[in-house]
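Take a look at the letters that make up each chain.
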Amino acid sequence: MNNRAYETSPAQCSLWNRKRARLQPDSRRVLLALPERMLGASLVSLFELKGFPARLAVDASSVRQSVEAWRPHVLFLDTRVGGCGNYALVRELRDADDDANRLIIAMSGFLPEEPIAHLKEAGYDGHSRRPCPVWQMTDLLDEFFACHAVR
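Residues numbered from 1 in each chain as written. Predicted model: local features only at pLDDT ≥ 70, side-chain atom pairs only at ≥ 80, totals over all residues. Heavy atoms only, no water.

The protein chain carries the name Response regulator receiver protein in an unreviewed UniProt entry, which gives Caballeronia fortuita as its organism.

Here's what the structure looks like:
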């Protein structure tokens, strides 16, 4: 038995800020910020197979560069990127955010668990506990981009 929430629990994966924008299907961009390069590259490949153009950033500097240059619509941001659980990186991204519709999802730890209230206060729009099943991450992308399709 472990202390993790069961897979379909909102404690495992959820969005609390629903955002709206009009996007062409071929312009959807996802940035994955994860310090584990091999895992991140695998997730990027899986996102692309599902039709979500994706890139990987492995540290705070590459996150900043990718956000500025590539302007992703969704950012999965591992809370370990940028250091020590103080959430300074997401606050910085929100302060400099030129796209209020960008969805930033925390990839947070489960032991010790990072409180949802702290993630919300920092500026995240949702969270996905590490490790999170890929199907839950792509479900979040499906839901977000379905609401943003140009009709």
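Structure shown, so let's carry the discussion forward.
Looking at the pairing of strand β3 (residues 54-57)
Definition in use: Two strands are counted as paired when DSSP detects at least two bridges linking them. Helical segments are the DSSP runs of H or I of at least four residues, strand segments are the runs of E of at least two, and each set is numbered from the N terminus. Orient the strands so they point away from the viewer; a crossover is then right-handed if the path from the first strand over the helix to the second runs clockwise.
Alignment of strand β2 (residues 30-33) against β3, held across 4 bridges, turns out to be parallel. The residue bridging Leu31 from the neighbouring strand is Arg55, located in β3. Following the backbone out of β2, through helix α1 (residues 37-49) and into the adjacent parallel β3, one traces a crossover that is right-handed.

Thoughts on empty space enclosed by the protein
As a reminder, the rule being used: Here a cavity means grid points, on a 1 Å grid over the protein atoms only, where a 1.4 Å probe fits yet cannot get out; a pocket means an open set of points with protein on both sides within 12 Å along at least five of seven lines; lining residues are those with an atom within 4 Å of a point. Grid points are joined across faces, edges and corners, and a volume is the space filled by probe spheres set on the points. All amino acids are sorted into three groups, where Ala, Val, Leu, Ile, Met, Phe, Trp, Tyr, Cys and Pro are nonpolar, Asp, Glu, Lys and Arg are charged, and the leftover types, Gly among them, are polar.
Following the criterion strictly, the structure yields 1 cavity of 30 Å³ or more and no others. If you add up the space inside the largest cavity, you get close to 40 Å³. In terms of lining residues, the largest cavity is bounded by Thr79, Val81, Gly82, Gly83, Asn86, Tyr87, Ala88, Leu89, Val90 and Tyr124. A breakdown of the residues in the lining of the largest cavity according to their chemical character gives 6 nonpolar, 4 polar and no charged.

Some remarks on helix α3 (residues 88-95)
Test applied: Buried means the residue's accessible area, taken with a 1.4 Å probe over protein chains only, is under 20% of the maximum for its type, while exposed means over 50%, and partly exposed covers the values in between. Each direction from the helix axis to a C-beta atom contributes to the arc, which is the arc of those directions. It only takes one pair of heavy atoms within 4.5 Å for two residues to be counted as in contact.
For α3, the full list of buried residues reads Leu89, Val90 and Leu93. Looking down the long axis of α3, one finds its buried residues gathered within 95 degrees of arc, a one-sided arrangement. Here the buried face of α3 lies against α2 (60-70), β4 (74-78), β5 (103-108) and α4 (116-122).

Regarding the side chain of Arg28
Using the following cut-off: When charges are counted, Lys and Arg are positive and Asp and Glu negative, with His and the chain ends excluded. A pairing counts as a salt bridge when a side-chain nitrogen of Lys or Arg comes within 4 Å of a carboxyl oxygen of Asp or Glu. Polar contact is the term for a pair of N or O atoms within 3.5 Å; when the atoms are in protein, one must be able to donate a hydrogen and the other to accept it, and sequence-neighboring residues count only if both atoms are side-chain atoms.
Within the secondary structure, Arg28 sits in the loop between β1 (13-15) and β2. Among buried Asp, Glu, Lys and Arg side chains, Arg28 stands out as unpaired, with Asp142 the closest opposite charge at 5.9 Å. Of note is the side chain of Arg28, whose polar atom sits 2.8 Å from the backbone oxygen of Gly51. Residues in contact with Arg28, not counting those within four places in the same chain, are Gly51, Phe52, Pro53, His73 and Phe145.

Notes on the packing of α2 against α3
Spelled out, the test is: Orientation is described by axes fitted as lines to C-alpha atoms, over the contacting stretch for helices, and by angles from 0 to 180 degrees between their N-to-C directions. Should an angle fall under 35 degrees it is called roughly parallel, over 145 degrees roughly antiparallel, and 65 to 115 degrees roughly perpendicular, with every other angle called oblique. In a left-handed crossing the near helix is turned counterclockwise from the far helix by less than a right angle, and in a right-handed crossing that turn is clockwise.
Look at α2 against α3: their axes get within 11 Å of each other, and the N-to-C directions meet at 20 degrees. Accordingly, the angle class assigned to the pair α2 and α3 is roughly parallel. Relative to α3, α2 is oriented so that their crossing is right-handed. The residues of α3 that touch α2, namely those facing Ala60, Val63, Arg64 and Val67, are Leu89, Glu92 and Leu93. Grouping the constituent residues of the contact of α2 with α3 by class yields 5 nonpolar, no polar and 2 charged.

A few points about the pattern of salt bridges
Using the criterion set out here, one finds 6 salt bridges in the structure. Between Asp142 and Lys50 there is a salt bridge; the shortest N-O distance is 3.8 Å. One end of the pair, Asp142, is in helix α5 (residues 134-146); the other, Lys50, is in the loop between α1 and β3, with 92 residues separating them in the sequence. The partly exposed category is assigned to Asp142, whose relative accessible area is 33%. With a relative accessible area of 45%, Lys50 lands in the partly exposed category. Several salt bridges converge on common partners, so that one network encompasses Glu36, Asp78, Arg80 and Arg130.

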